[in-house]
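Here are the chains, one letter per residue:
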Amino acid sequence: MNCEESKNLIVEMNEADEVSSNAELSAHLAACSTCRQFLKYELKMRDGFEEIASEPLPAEVARKILAVPRIVSNETSAASPEWVKRLSAFISSMTFKIALASGITGFAAAIIFLRGFTPGFDRHSHPAAEDLKQVKRLERPLFNRDSSFPQPASTTTVAAAGAAVTINPELKKKLETRSRLTDDLLALKAEEGIGVTAERKAAVSEHIPGAVSFSLDENADASGRFAMAPAAPAAETGELVFDEAEQVSAESDDKAQDAMVMASAPKLKEVLRSLPTSAKSSGVTKSEMADSFAVSEAEVISDPRAVVILKFLESNGLVSEEGFIDLDDLFIKGYIDNSQRREWRAPDGNDWYLTRTGNRPAIILRRKP
Amino acid sequence: MENMKPEELWQKALTGDQQAWQRLYELFASRVYQFFLRNTRNADLAADKTQEVFLKIFRNRENFRYGSLKTWIFRIARNLLIDEWRRAGQREIPSEILPDIIDSGVQVEESVIAAIEHQQMVVYIDECLDRLEEPDRMAVCLVYIAGLSIPEFAEVMEVPLGTAKTRVRHARLRLDQLLSEKIQLKRFEKSV
């Protein structure tokens, strides 16, 4: 396959995933940097078009389109012939209902009357008929009172059972997230009143400029606590003092890392604002803390997807070197599919960055160079 | 409902299933609206035409028995757009004969591609669409905004597959040239 054919295939593919399914194209891409470059351009362009295509409609148009079936059915009923309208009006009228009820009653009465007075056969006085009635009564009891006979479950029971097995997964996820947020809040409140040590403050100021959103402090104390510090440069963010936010208790390092990444900036800010007024252990008010966080929000914002990406990289043995993670490259090399590429896309202006704190790898968001 | 094909959703919608109709709306409404908006640059007109497409498919529901619902919807949209151009009388109806365009072998350095932000690309595309000729713009919109494959595009345009490929390729070459100009210009501005 030459470059011309490769480019044509790329342009004509329906889904970006088709690249990995075409062995010949994949082989060519592995060897040709120009075509890899073209594929990256193609992916960016398609993402751009996808963004345009998914722009929401004006609310009024949306409402009108959703009402189309009703509008058309109204048009259809309005366009029915006159006799159909009269017939339907008569059927729905009270006169018709009374007539129908009378008719059914009369018919039923006629059946009963005719069956009760069959000429030439007196069922009430005939001994054989009496015997037959007895046998029938024994064979087919009107109500089965036997407890072993399967009884239908009541509506309530069925409904309750249904509710128990059909918990909405989205609702479940929301509940879990809310529960985690509550845990974070409780953890932060539990830390209230614990001051920042001089070493800890030094650790904050020693962070690489423009680097990690949060980092684990290797000098965590023996009680199992670890510190979580915003590592934006002091020159950009001003003097950051982060007492409550810095110290979060954790049972294990893994849990601590999860908590670090989960503590996205807006959430943490919200938690900080909810702290009681007494949280001034280092002379900084909670609003000052929240605002100083807001200043550096673009720099330090983290994302729960970082955990997923890190796990993915670890499972594929891709955590060897520090540096920016090129999702397009991972896609072209077949590590991820197109949906993952889109789902994991970093917010504009940032890229995922693989960093190491001690020996522990972490994924953070970092401004593009 | 999420994994159902549009044709299955359509069958359910015809029985009065509002959820199925809602899902069809989610699948196509925005794409149809953007198709009209990018081709007319008139939001009110695009809104009216989008509603008209959905009214037409529901009114003429007996006419759709097999095939692709997406293709049917966009054939109606394309015909409405051409009708609008005719009615307005301001534009030339897109010619079937395409002017020759030379593949200049557009190449943009990897670093430049990497530096383009997602939102920046959206803006560039928006600007470049304006500068495309009508047939090219229609082709680009049908393939990249409506999400049609080349065979589906051929069906919508009622042309043979080979012709469809040529048209899409022509439109892409032109779009690539315009985008490349934009990207290089941005790069130059940054360096200055």
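Given the structure is predicted, the values throughout are model-derived calculations rather than measurements.

**Digging into the overall build of chain A**
Of regular secondary structure, chain A possesses 21 helices and six strands. Relative to its 369 residues, chain A shows a buried fraction of 34%. Within chain A, residue pairs in contact and separated by at least 24 positions form 63% of the contacts whose partners lie at least 6 positions apart. Carbon together with sulfur atoms contributes 58% to the accessible area of chain A, which is approximately 22,300 Å² in total.

**As for the overall build of chain B**
Secondary structure assignment for chain B yields nine helices and zero strands. Each helix (α) and strand (β) of chain B, taken in turn from the N terminus, gives the series α-α-α-α-α-α-α-α-α. Residue pairs at least 24 apart in sequence account for 65% of intrachain contacts in chain B once pairs closer than 6 positions are excluded. Carbon and sulfur atoms make up 48% of the accessible area of chain B, which totals about 9,600 Å².

**Here we look at the packing of aromatic side chains**
Applying the stated criterion across every chain, the model contains 13 aromatic pairs over all chains. With centroids separated by 6.0 Å and ring planes inclined at 80°, the aromatic side chains of Trp10 of chain B and Phe58 of chain B adopt a geometry described as edge-to-face. Here the residue Trp10 of chain B occupies a position in helix 1 (residues 6-14), and Phe58 of chain B occupies one in helix 3 (residues 43-59), the gap between them amounting to 48 residues. Like Phe58 of chain B, Trp10 of chain B is buried. Here Trp21 of chain B and Phe58 of chain B contribute two aromatic rings whose centre-to-centre distance is 5.2 Å and whose plane-to-plane angle is 85°, an arrangement assigned as edge-to-face. Taken together, the residues Trp21 of chain B in helix 2 (residues 18-40) and Phe58 of chain B in helix 3 connect sequence positions 37 residues apart. Classification of Trp21 of chain B as buried rests on a relative accessible area of 2%. Grouping aromatic residues by their ring pairs yields a cluster made of Trp10, Trp21, Phe54, Phe58, Phe64 and Trp72 of chain B. Stacked on the ring of Phe38 of chain A, the Lys or Arg Lys7 of chain A has its end atom at 5.2 Å from the ring centre. It is Arg341 of chain A that lies over the ring of Phe331 of chain A; its NZ or CZ is 5.6 Å from the centre.

**Some details on the pairing of strand 5 (residues 350-357) of chain A**
Residues and elements named next belong to chain A. For strand 5, the buried fraction is high: six of the eight residues fall into the buried class. By the bridge criterion, two bridges tie strand 4 (residues 323-324) to strand 5 in an arrangement that is antiparallel. Its bridge partner being in strand 5, Gly323 is matched across the sheet by Leu354. The sheet contact formed by strand 5 and strand 6 (residues 360-367) spans eight bridges and is antiparallel. Opposite Trp352, over in strand 6, you have Leu365 as the bridge partner. Between the end of strand 5 and the start of strand 6, which pair antiparallel, lie two residues, with Gly358 showing a positive phi angle near 70°.

**Some details on the confidence of the model for chain A**
Residues and elements named next belong to chain A. Taken residue by residue, chain A gives an average pLDDT of 64. The fraction at 70 or more is 48%. The weakest mean pLDDT in chain A belongs to helix 10 (residues 155-165) at 38; the strongest belongs to helix 5 (residues 59-66) at 89. Across residues 193-269, where pLDDT falls below 50, the model places 148 contacts with residues more than four positions away in sequence or in other chains. Low pLDDT (under 50) marks residues 271-300, which in the prediction has 65 contacts with non-local residues, meaning those over four places away or in another chain.

**Topic: a negative patch on the surface**
A cluster of acidic side chains, namely Glu15, Asp17, Glu18, Asp337 and Glu343 of chain A, defines a negative patch on the protein surface. Structurally, Glu15 of chain A can be placed in the loop between helix 1 (3-12) and helix 2 (18-21).

**Remarks on the nonpolar core**
Inside soluble globular proteins, nonpolar side chains tend to come together where they are buried. Residue and element names in this part refer to chain B. Counting residues in hydrophobic clusters, the biggest one holds 104 residues, and the most contacted among them are Phe74 and Leu142. For this core, the element with the highest residue contribution is helix 2, accounting for 11 residues. When near neighbours in sequence (up to four residues on either side) are disregarded, Phe74 contacts Phe28, Arg31, Val32, Phe35, Leu142, Ala146, Leu148 and Val156.

**Regarding the pattern of salt bridges**
All names here are of chain B. In this structure the tally under the stated criterion is 29 salt bridges over all chains. A salt bridge links Asp130 to Arg41; the shortest N-O distance between them is 2.6 Å. Pair noted here: Asp130 is in helix 6 (residues 118-131) and Arg41 is in the loop between helix 2 and helix 3, with a separation of 89 residues, a long-range link. By relative accessible area, which is 43% here, Asp130 ends up partly exposed.

**Things to note about the environment of Tyr124 of chain B**
Residue and element names in this part refer to chain B. Along the chain, the position of Tyr124 falls in helix 6. Among the residues examined, Tyr124 registers a relative accessible area of 7% and is labelled buried. Non-local contacts of Tyr124, meaning those with residues more than four positions away in its chain, are made with Ile116, Leu179, Lys182, Ile183 and Lys186.

**So, the sheet that holds strand 6 of chain A**
Read across the open sheet, the three strands follow the order 4-5-6 (chain A); overall the sheet is antiparallel. Among the strands making up the open sheet, the edge pair consists of strand 4 and strand 6 of chain A.

Conventions and cut-offs
Residues numbered from 1 in each chain as written. Chains lettered and ligands numbered in written order. Predicted model: local features only at pLDDT ≥ 70, side-chain atom pairs only at ≥ 80, totals over all residues. Heavy atoms only, no water. Helix = DSSP H or I, 4+ residues; strand = E, 2+ residues; numbered from the N terminus. Buried < 20%, exposed > 50% of the residue type's maximum accessible area, 1.4 Å probe, protein only. Contact = heavy atoms within 4.5 Å. Areas by Shrake-Rupley, 256 points an atom, 1.4 Å probe, with all protein chains shown as cover. Phe/Tyr/Trp six-rings, centres within 6.5 Å; stacked < 30°, edge-to-face > 60°. Lys NZ or Arg CZ within 6 Å of the ring centre and 35° of its normal. Pairing = 2+ DSSP bridges. pLDDT = per-residue confidence, 0-100. Patch = residues over 30% accessible without salt bridge, like charges linked within 9 Å, V, L, I, M, F, W, Y side chains within 5 Å. Salt bridge = Lys/Arg side-chain N within 4 Å of Asp/Glu carboxyl O. Lys, Arg positive; Asp, Glu negative; His and termini not counted. Charge placed at Lys NZ, Arg CZ, Asp CG, Glu CD. Core = buried A, V, L, I, M, F, W, Y, C linked by side-chain atoms within 4.5 Å.

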